[in-house]
Amino acid sequence: MKLISIIIYSIIINQSLNIIPFNINDGIKYLGVDDHYEHYQAAIEGPNPVPNGVSYNSYVIIDDKILIVDGMHEFYQNQWIKNLEKALEGRKPDYLLIQHMEPDHSGNIKYILNLYPDIKIVSSSISFNMMKNFFDYDFEDKKIIINEGDELNLGKHILYFIKAPMIHWPEVMLTYDSYTKTLFSCDAFSKFGANDVDDVWDDEARRFYFGLLGIYGNFINAFLQKLEKYEIRTILPGHGQILTNNINHYISLYQKWSKYIPEENGVVIIYSTIYGHTKIAIDNLTEKLKSLGVKYSIHDISKSHWTRMIADSFKYNTLILASVMIDDDISPAMREYLEIIKSFNFQNRRVGLIENGSWNPYANRIMKDMLNNCKNISFLKNLVRIDASLDEKSITQINNLAMEIAEN
Ligand code: FEO
């Protein structure tokens, strides 16, 4: 009985994790590693907190010819080479494909050239320029330059290359394998969180998207249009789990994110407070929203990381801003947050405003002015003004605001 319980428990646990199997399918093997030591945060994507780490994915296609898809962060070179040698079973790789030159996918190109001197590097011409800068070496006799639409025949696996600028650097060339109907997507469809951690793809992929790709909506959208001609059964990203079931779910989220369309109706509340009175107003608002069945998330601007506030701001259709006044301006953190969402093409949302001041409460006017040039923003008509602390009048205004939010 105990043994059966252990087996059932193991099955449940394994199902809840995102671990990528070594043998993926039809000759494609996984070479990646999980990073729990925050090299990623420290060395590469500084602004994004990754409490659950991140995975660096790399793959190899074993066929008549052998091709490695993407290199590895140099911190994990030894583990990667160990995985590669296991996959090669004594053979030698013919190609190293570099889809994106950021060092988490390319940190050890020279190292692998030393190990396998006959290997050829397959990449875009812009990548080769970057490679020279990164490694002070011009790879002249090693390079195979690929362009949009080029194909590379490995035997059964025939690869097609798709130019994908700004996902997440300008040189990116992604890859479709027509034999397995697999898209190797590098940073696209990636997420934060190591693969041995149980988390929710949508949430960590949204944070990854807006942390790295969010300002490039037009480029992402152009890339998604190019994908329409391919039948995709599997996506193998550069970070995070393999995507196999319900591919349309991931693509439709990318379509929404790239067009800055809300995923769902709901509210993100961003507030600044000094002595706690604005927080009391927000507690009051959220109680009403709860009673009206409105979904919401809250961020105290002095405590939440801005990347989390940005990701939530693009999830929901309604943004509520509440700011105190400091001297003659809104709080510096609120000003910074508004500058950031503007730079991320914030649009297609409803915005509600709450201001609090002891002697100069005109934060609503300042916040509204800051968002005025954003596309397709409608301001909720029920404004809230708090003179230092809540009173009957401001409580009524909060009630009215909550009712207006719930109308949708
Ligand atoms: Fe995963 Fe842009 O590097």
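Residues numbered from 1 in each chain as written. Predicted model: local features only at pLDDT ≥ 70, side-chain atom pairs only at ≥ 80, totals over all residues. Heavy atoms only, no water.

Draft legend 1. Representation of the sheet that holds strand 6 (residues 66-69) within the structure. With mixed pairing, the seven strands of this open sheet are ordered in space as 1-2-5-6-7-8-9. Looking along the sheet, the strands with just one partner apiece sit at the ends: strand 1 (23-25) and strand 9 (143-145). Taking each pair of neighbouring strands and ignoring which way they run, the sheet shows an average axis angle of 25°. Relative to strand 2 (residues 28-30), strand 1 runs antiparallel, the two sharing two bridges. Looking at the pairing, Asn25 lines up with Ile28 of strand 2. Set on the sheet, helix 3 (residues 77-88) makes contact with strand 2, strand 5 (59-62) and strand 6; between it and strand 5 the angle comes to about 15°. This element, helix 6 (residues 125-135), spans strand 8 (120-123) and strand 9 of the sheet and lies at about 125° to strand 8. (Pairing = 2+ DSSP bridges. Helix = DSSP H or I, 4+ residues; strand = E, 2+ residues; numbered from the N terminus. Axes fitted to C-alpha atoms, helices over the stretch in contact; angles between N-to-C directions. Contact = heavy atoms within 4.5 Å.)

Draft legend 2. Region of interest: helix 14 (residues 392-407). If you check helix 14, its first and last C-alpha atoms are 23 Å apart, about what 16 residues at 1.5 Å a residue would give, namely 22 Å. When we look at burial in helix 14, the residues that qualify are Ser394, Gln397, Ile398, Leu401, Ala402, Glu404 and Ile405. Looking straight down helix 14, one finds its buried side chains confined to an arc of 165°; they lie on one side. Residues of helix 14 that are exposed and point over 90 degrees away from its buried face: Glu392, Lys393 and Glu407. Where helix 14 is buried, its residues contact strand 15 (264-271), helix 10 (277-291), strand 17 (316-326), strand 19 (349-357) and strand 21 (384-387). Positioned one or two residues after helix 14, Asn408 has a phi angle of 50°, which is positive. (Expected span 1.5 Å × (residues − 1). Buried < 20%, exposed > 50% of the residue type's maximum accessible area, 1.4 Å probe, protein only. Arc of directions from axis to C-beta.)

Draft legend 3. Broad picture of unusual backbone geometry. Cis peptide bonds are those with omega within 30 degrees of zero, and the linkage from Ile167 to His168 qualifies with 20°. At Asp70, a residue that is not glycine, the phi angle is positive and equals roughly 70°. Its place among the elements puts Asp70 in the loop between strand 6 and helix 3.

Draft legend 4. Up close: the pattern of salt bridges. Inspection of every chain in the model, using the stated rule, returns 13 salt bridges. The residue Glu264 makes a salt bridge to Lys295 at a minimum N-O spacing of 2.7 Å. Highlighted residues: Glu264 in strand 15 and Lys295 in the loop between helix 10 and strand 16 (296-300), separated in sequence by 31 residues. Judged by relative accessible area, which is 25%, Glu264 ranks as partly exposed. Residue Asp300 pairs with Lys303 through a salt bridge whose shortest N-O separation is 3.8 Å. On the basis of relative accessible area, Lys303 is assigned to the exposed category, the value being 70%. (Salt bridge = Lys/Arg side-chain N within 4 Å of Asp/Glu carboxyl O.)

Interpretation in functional terms is not warranted from these geometric data alone.
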